[in-house]
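# Per-entry structural report
Each chain, letter by letter, is given below.
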Amino acid sequence: KNGIVRPKGYTVSFHANSSVEKFHFGQSHPMKPWRLTLTKQLVMAYGMHTAMDLYLTRAATREEMAEFHTEDYLDFLKRVTPNNMLLEPRLAQYNIGDDCPIFDGLYDYASLYTGASLDAARKLCNEQSQVAINWSGGLHHAKKTEASGFCYTNDIVLAILQLLRYHPRVLYIDIDVHHGDGVEQAFWSTDRVMTLSFHKYDKDNFFPGTGPLSSTGPENPLNPGAHHALNVPLHDGIEDEDYVWLFKQIVEPCVGAYQPSVIVLQCGADSLGCDRLGCFNLNIRAHGRCVDFVKRLNLPILVFGGGGYTPRNVARLWAYETSICIGCSEQLDEKLPAHTPALAHFAPDNTLFPPLSEHGRFENKNSRQYLWSLVEGIHKQLAYLES
Ligand code: ZLM
Ligand code: CA
Ligand code: ZN
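Here is a short report on the structure shown in this document.

## Examining the overall build of the chain
- Across its full length, the chain holds 10 helices and 8 strands.
- Relative to the compact-globule value of 21 Å for 387 residues, the chain shows a C-alpha radius of gyration of 20 Å, a close match.
- Each principal axis of the C-alpha distribution contributes one length, and for the chain these read about 60 × 55 × 45 Å.
- Put simply, 79% of the contacts in the chain that link residues at least 6 apart link residues at least 24 apart.
- As displayed, the chain has an accessible area near 15700 Å², and 50% of this comes from carbon and sulfur atoms.
- Each charge sign in the chain was given a centre, from 34 positive and 43 negative side chains, and these centres are 5 Å apart.

So this is what it looks like as structure tokens:
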């Protein structure tokens, strides 16, 4: 099908630069930037590019990245290469290792995905779009002075800092299977950003080991950030209906209590079933229903990628979520277009919605009672905001 109709008076902008897709973290590293090539191929094959404003993004400048990161750390990222890294005394200090390796073009990679997130944020600030998408962004673990969990610069933090110039309150929602620790930490002491992460939580056995229900901001009630960090810690195997129910039960009252003027949504695809690193049983439609729920709140939204380690499913998910942002998901044929360039990656089913939990890869360890206790715990936190 070609030529999706563009809804009037409503603009979705898509921010990308195919240069990011060409970087390699190294053999067998789970992070594969070429998943973005697959994603864009599906978006184009469905003809969605005609329904959005497409922007070729630029690299973030050093000054822009220094709004959050230290000069020392940025200097390091800029100078280090696979050839000189053994002479570098501070690899450990910056948390370089198997998770965050030094590869060719590292600084260009980080500044490109960050530039795309900043461009997207600015489109919302000047009201040129209602939804701005950067699938190469969403790298929620990076800290002020160190890399972490495949993330080098924190494009989300930098984008939110841009939004805060125009918006009084930003709600950050993170549905990556990992805890959004870097974003939470950056805005720990402010009431101008509320962070809400859904994730697998197991203190000792699942990265990064933070984000229990009890972690809600600074303990001192006089600190403005108190009660503005929210965490939804889950066990293995959560299924579609439970996850979507939980998401709505929690996001709706967050929006009601906090009254954000803009939402930033990190759509990590590693919360899908069959992900190489994940442990949930979500299908593509269920993940998409969370995005759809946020879209229907009618606030400006910044949409980012994040994790996602089974590239064919990452591409399916983010193409589908692009259609949800446009509002054309009903028009997509679930059979992938025959002219999709890398159709072989989606064989043998060639569909947008292969079953990802059919064989129950992970036993669901989240009882109904446990899910209710999470909802109740979050509602209790929100009650502090009303007073
Ligand atoms: N070892 N190679 C999610 C970030 C998750 C920390 C255990 C490294 C891996 C993983 C790297 C090829 C987001 C940890 C892991 C091995 C200490 C994690 C390189 C396999 C490989 O084969 C691998 C040599 C590598 C890394 C697995 N790392 C799986 N899980 C996590 C980080 C990022 O999705 O949230 C956002 C983009 N790290 O569990 C170790 C404790 C390092
Ligand atoms: Ca998360
Ligand atoms: Zn993740």
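## Some words on the coordination of the calcium ion (ligand 2)
- Within the protein, the atoms that donate to the calcium ion (ligand 2) are Asp174 (O), Asp174 (OD), Asp176 (O), His178 (O), Ser197 (OG) and Phe198 (O), at distances of 2.5 to 3.0 Å.
- Here the calcium ion (ligand 2) binds 6 donor atoms, and the angle range of 69 to 167° at the metal identifies the geometry as irregular.
- If you list the donors of the calcium ion (ligand 2) from N- to C-terminus, the spacing comes out as D-x1-D-x1-H-x18-S-F. A residue pair is termed long-range when its members are at least 10 positions apart, and Asp176 in the loop between strand E4 (170–174) and helix H6 (181–186) and Phe198 in strand E5 (residues 193–200) qualify at 22 residues.
- Taking relative accessible area as the criterion, Asp176 reaches 2% and is therefore assigned buried.
- The exposure class assigned to Phe198 is buried, which follows from its relative accessible area of 0%.

## Considerations on the packing of helix H7 (residues 240–258) against helix H8 (residues 284–295)
- Relative to each other, H7 and H8 sit at 20°, their axes nearing to 9 Å. When the axes of H7 and H8 are compared, the pair comes out roughly parallel. Every pair of crossing elements has a handedness; the one defined by H7 and H8 is right-handed. Each of Asp240, Glu241, Tyr243, Val244, Phe247, Lys248, Val251 and Glu252 in H7 lies in contact with H8, whose residues at this interface are Ala286, Arg289, Cys290, Phe293 and Val294.
- The residue makeup of the contact of H7 with H8, split by class, is 8 nonpolar, no polar and 5 charged.

## A look at the sheet that holds strand E8 (residues 301–304)
- Taking strand neighbours across the sheet as the criterion, the 8 strands line up as E2-E1-E3-E8-E7-E4-E5-E6 in an open arrangement whose pairing is parallel. Two strands close off the open sheet at either side, each with one partner strand: strand E2 (53–56) and strand E6 (229–234). Each strand of the sheet is rotated relative to its neighbour by a mean of 15°, with strand direction disregarded.
- Bridge count for E4 against strand E7 (residues 262–266) is 5 bridges, and the pairing is parallel. Looking at the pairing, Tyr172 lines up with Val264 of E7.
- Along the sheet, H7 makes contact with E4, E5, E6 and E7, crossing E5 at roughly 170°.

## Points about the side chain of Asn366
- Inspection of the secondary structure puts Asn366 in the loop between helix H9 (311–326) and helix H10 (368–386).
- Look at Asn366 and you get buried, because its relative accessible area is 4%.
- There is a polar contact of 3.1 Å between the side chain of Asn366 and the backbone oxygen of Asp236.
- Excluding residues that lie within four positions of it along the chain, Asn366 makes contacts with Leu234, His235, Asp236, Gly237, Ile238 and Leu371.

## Examining the site of ligand 1
- Taken together, 21 residues lie near ligand 1, and Asp99, His140, His141, Asp270 and Tyr309 sit nearest.
- At 2.6 Å, a side-chain N or O of His140 approaches an oxygen atom of ligand 1.
- At 2.7 Å from an oxygen atom of ligand 1 is found a side-chain nitrogen or oxygen belonging to His141.
- Bound to the protein, ligand 1 loses 66% of the 830 Å² it would expose on its own.
- Classifying every residue of the shell around ligand 1 by side-chain character gives 7 nonpolar, 9 polar and 5 charged.

## Some words on the environment of Met31
- As for its position among the elements, Met31 is in the loop between strand E1 (12–16) and helix H1 (35–45).
- Residue Met31 is classed as buried on the basis of its relative accessible area of 3%.
- The spacing of Met31 and Gly306 is 275 residues in sequence and 9.9 Å in space, taken between C-alpha atoms.

## As for the nonpolar core
- Ranked by internal contacts, the top residues of the largest apolar core, which has 76 residues, are Met48, Ile173, Phe198 and Leu246.
- Element by element, the count of residues in this core is highest for H7, at 10 residues.
- Within the second largest apolar cluster, 54 residues are counted, among which are Ala132, Phe150, Ala159 and Leu302.

## Regarding the pairing of E7
- The buried count for E7 comes to 5 of 5 residues, which makes it a mostly enclosed element.
- Neither face of E7 is left uncovered, since the one carrying Val262, Val264 and Gln266 and the one carrying Ile263 and Leu265 both have all their residues buried.
- As paired strands, E7 and E8 are joined by 4 bridges and run parallel to one another. Following the sheet pairing, Leu265 is matched in E8 by Val303.
- Regarding the hand of the β-α-β motif, the stretch spanning E7, H8 and E8 is right-handed.

## What about the environment of Trp34?
- Tracing the backbone through its elements, the reader meets Trp34 in the loop between E1 and H1.
- A residue is classified by how much of its surface remains accessible, and Trp34, at 31% relative accessible area, is partly exposed.
- Residues Trp34 and Ser18, spaced 16 residues apart in sequence, show a C-alpha to C-alpha distance of 9.2 Å.
- Excluding residues that lie within four positions of it along the chain, Trp34 makes contacts with Glu21, Pro311 and His345.

What counts and how
Residues numbered from 1 in each chain as written. Chains lettered and ligands numbered in written order. Predicted model: local features only at pLDDT ≥ 70, side-chain atom pairs only at ≥ 80, totals over all residues. Heavy atoms only, no water. Helix = DSSP H or I, 4+ residues; strand = E, 2+ residues; numbered from the N terminus. Rg over C-alpha atoms; globule rule 2.2 N^0.38 Å. Contact = heavy atoms within 4.5 Å. Areas by Shrake-Rupley, 256 points an atom, 1.4 Å probe, with all protein chains shown as cover. Lys, Arg positive; Asp, Glu negative; His and termini not counted. Charge placed at Lys NZ, Arg CZ, Asp CG, Glu CD. Donors = N, O, S within 2.8 Å, 3.2 Å for Na, K, Ca; no water. Tetrahedral: all angles 85-135°; square planar, octahedral: opposite > 155°, others 65-115°. Buried < 20%, exposed > 50% of the residue type's maximum accessible area, 1.4 Å probe, protein only. Axes fitted to C-alpha atoms, helices over the stretch in contact; angles between N-to-C directions. Parallel < 35°, antiparallel > 145°, perpendicular 65-115°, else oblique. Left-handed = near helix turned anticlockwise from the far one by under 90°. Nonpolar A, V, L, I, M, F, W, Y, C, P; charged D, E, K, R; others polar. Pairing = 2+ DSSP bridges. Polar contact = N/O pair within 3.5 Å; in protein donor to acceptor, adjacent residues only side chain to side chain. Near = heavy atom within 4 Å. Core = buried A, V, L, I, M, F, W, Y, C linked by side-chain atoms within 4.5 Å. Right-handed = clockwise from strand over helix to strand, strands pointing away.

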